Amino acid sequence: MRTTELVDGFRHSAPYVNAHRGKTFVVMLGGEALAQQQFRAIINDVALLHSLGIKVVLVYGARPQIDGALEQHGIAPAYHNGVRITDEDTLRVIKQVAGVLQFDITARLSMSLSNTPMQGAQLNVVSGNFVIAQPLGVEDGVDFCLSGKVRRIDTQGLRRQLDNNGIVLMGPIAASVTGESFNLTAEEIATQVAVKLKADKMIGFSAQNGILDRDGDVIAELMPTEAQKILTKLQEQGTACVGTMAFLKASIDACRMGVPRCHLVSYLEDGALLQELFSRDGIGTQIVTESAERLRRASIADIGGILNLIRPMEEQGILVRRSREQLEIEIEQFMVIERDGLVIGCAALYPFEEDNAGEFACLVVHPDYRDADRGSLLLKNIIGQARVRGYARLFALTTRSIHWFLEHGFNLVEVDALPTKKKQLYNYQRRSKILALDLQ
């Protein structure tokens, strides 16, 4: 990697490091992911999240490992409506498999060799009775035996361990109040833990980098209702991985119960977890309670983000330079587009009440996001505000974007058409073109 690439990588990831620090993530590693060689790298990346100040609960599954072990013991796996029926012999095998996986994951998180990403790391891996289970019971006349579901989560105990800088490791076996052991799905445990902890994210892994559209491209973002339609279609087709469909269903449930975002990334692509969390557009699919991107009025907290956007334009002479102090005074005039806590677009409406007009100013969209017509979105919002205020005209000054304004209905006008106060401030050296849009 060239030095500039390394530096750019640090600079682009820094806002996400700051945004994620102190947050709680529930990471679900299905048995399919644990069976891959890439598993070790994923564990290293989970440890890296912890080192960056993220509170991590790691939930592991073991579906394929359990099926393989049952076959070796001559026990035929039994299911009803996609749920495993767990008799005593089956549970005995599941305990063995879950125990081996727990020790393997713990050992991997404990590694600190000098030639690995874990060098110098001191992680406390904590497991315990944080989940209280209860039996699933009987359905359609079928007794699920020792297959269970979550009865309650010890959220205080979990928070205590997370606050003490531990990584909590949870498997598919949980005890009941009667002292019995039950086999639960990792997806349900991850979902319930994320909901009860009010986690900021739930993360899962699949063979593909998320959910693909008809053209084979990753769908970056889905609302729960959209994800449900896709899940229903996948279930009808029966072509998707069982683990992928299980996590997709879990994500839909988690989002509907208050978890803001669930991410699905590939366990086959090296660093997919880090790319998803620490880059602008990510690499997988997010299931979100609301869009990761929103248009809203700016606040004082946005000044740093707005300055980062407009400074390059000011240095090129495209925008008139604004000081931080001036921006603080004018911040109520600004609208911003926010994505993942970062300001990626802004525009302002300056009032000229005495002339019944407004100025559309300081339109900037981050270079990485200029292909989705966000400038038009900002303009549409400003036009709406101007009309609500009863302005007869909206005008703009530009040295570079004349055709863009013309395409959006503006017309070129002379300096005399400007409001009186703006006319007095017009810079004849810049020779900005003046465009106006009639609103009435």
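Residues numbered from 1 in each chain as written. Predicted model: local features only at pLDDT ≥ 70, side-chain atom pairs only at ≥ 80, totals over all residues. Heavy atoms only, no water.

Here is the rule: UniProt positions are given in the numbering used here, feature names are shortened, and annotations may be inferred rather than shown by experiment.
The chain is annotated in an unreviewed UniProt entry as Amino-acid acetyltransferase of Shewanella cyperi. What the UniProt record of the chain gives under Pathway (unreviewed entry) is the line "Amino-acid biosynthesis; L-arginine biosynthesis; N(2)-acetyl-L-ornithine from L-glutamate: step 1/4." UniProt annotates the chain under Subcellular location (unreviewed entry) with the comment "Cytoplasm".

1. Quick notes on the nonpolar core
Counted only if it meets this: We call a set of buried Ala, Val, Leu, Ile, Met, Phe, Trp, Tyr and Cys residues a nonpolar core when their side-chain atoms join them within 4.5 Å. Per-residue accessibility, obtained with a 1.4 Å probe over protein chains only, is compared with the maximum for each type, and a residue is labelled buried under 20%, exposed over 50%, and partly exposed between these values. Numbered from the N terminus, helices here are DSSP runs of H or I no shorter than four residues, and strands are runs of E no shorter than two. Contacts are assigned to residue pairs that have any heavy atoms within 4.5 Å of one another.
Core analysis: the largest hydrophobic core is formed by 45 residues, its most contacted members being V26, V57, V59, M170, V193 and M202. If one sorts the elements of this core by residue count, helix α9 (residues 242-256) sits on top with seven residues. Those residues within four positions of V26 in sequence are excluded, and the remaining contacts are V57, V59, A190, V193, A194, A199, K201, M202 and I203. Within the second largest apolar cluster, 41 residues are counted, among which are A33, A62, L109 and V265.

2. Some thoughts on the environment of P419
By the element assignment, P419 lies in the loop between β22 (411-413) and α15 (420-425). Overall, the relative accessible area of 4% leaves P419 in the buried class. With sequence-adjacent residues up to four places away left out, P419 is seen in contact with F352, D355, A357 and F395.

3. Thoughts on the packing of helix α4 (residues 63-72) against helix α5 (residues 88-110)
Cut-off, in case you're wondering: Each axis is a line fitted through C-alpha atoms, taken for helices only over the stretch in contact, and angles between the N-to-C directions span 0 to 180 degrees. Note on angle classes: values under 35 degrees are labelled roughly parallel, values over 145 roughly antiparallel, values of 65 to 115 roughly perpendicular, and the remainder oblique. Handedness of a crossing is defined here by the sense of rotation of the near helix relative to the far one, left-handed for an anticlockwise turn of less than a right angle and right-handed for a clockwise turn. When residues are sorted by character, Ala, Val, Leu, Ile, Met, Phe, Trp, Tyr, Cys and Pro go into the nonpolar class, Asp, Glu, Lys and Arg into the charged class, and all the rest, Gly among them, into the polar class.
Remark: α4 packs on α5, axes separated minimally by 9 Å, with the N-to-C direction vectors making an angle of 130°. Taken together, α4 and α5 sit at an angle that is classed as oblique. Judged by the twist between their axes, the crossing of α4 over α5 is right-handed. Within the contact between the two elements, α4 uses Q65, I66, A69 and L70 and α5 uses T90, V93, I94, V97 and L101. Grouping the constituent residues of the contact of α4 with α5 by class yields seven nonpolar, two polar and no charged.

4. Here's the deal with the sheet that holds strand β13 (residues 201-206)
This is how it is decided: Being paired, for any two strands, means DSSP has found at least two bridges between them.
One open sheet holds the eight strands; their spatial order is β5-β10-β2-β1-β13-β15-β16-β14, and the pairing between them is mixed. Every other strand in the sheet has two partners, leaving β5 (124-126) and β14 (221-222) as the edge strands with one partner each. Pairing of β14 with strand β16 (residues 285-288) involves two bridges; the strand directions are parallel. Across the sheet, E221 pairs through a bridge with Q286, a residue of β16. Across the sheet, helix α7 (residues 186-196) is in contact with β1 (24-29), β2 (55-60), β10 (166-170) and β13; its angle to β1 comes to roughly 175°.

5. Observations regarding empty space enclosed by the protein
What counts here: Cavities and pockets are found on a 1 Å grid laid over the protein atoms alone: a cavity is a set of points where a 1.4 Å probe fits but cannot escape, a pocket is an open set with protein on both sides within 12 Å along at least five of seven lines, and a lining residue has an atom within 4 Å of such a point. Grid points are joined across faces, edges and corners, and a volume is the space filled by probe spheres set on the points.
Counted under the stated rule, the structure contains two cavities of 30 Å³ or more. Q38, A41, I42, D45, F205, S266, E269, D270, G271, A272 and L273 are the residues that line the largest cavity. Residue assignment for the lining of the largest cavity shows that the elements contributing at least two residues are α3 (39-51) and α10 (272-278). Per-element accounting of the lining of the largest cavity gives the leading share, three residues, to α3. Residue composition of the lining of the largest cavity, by class: five nonpolar, three polar and three charged. Counted as a void, the second largest cavity has a volume near 30 Å³. Lining the second largest cavity are G30, E32, A33, F205, S206, C241, G243, T244 and Y267.

6. A closer look at unusual backbone geometry
At N81, a position not held by glycine, the phi torsion is positive, near 55°. Its place among the elements puts N81 in the loop between β3 (79-80) and β4 (83-84). N81 sits in the exposed class, given a relative accessible area of 56%. At R431, a position not held by glycine, the phi torsion is positive, near 55°. Inspection of the secondary structure assignment puts R431 in the loop between α15 and β23 (433-438).

7. What about the packing of α7 against α9?
Close contact between α7 and α9 brings their axes to 9 Å; oriented N to C, the two are set at 20°. Looking at the two axes, α7 sits roughly parallel to α9. Seen from above, α7 lies across α9 with right-handed handedness. Where α7 approaches α9, its residues E187, T191 and V195 are matched on the opposing element by G243, A246, F247, A250, D253 and A254. Here the contact of α7 with α9 is composed, by residue class, of five nonpolar, two polar and two charged.

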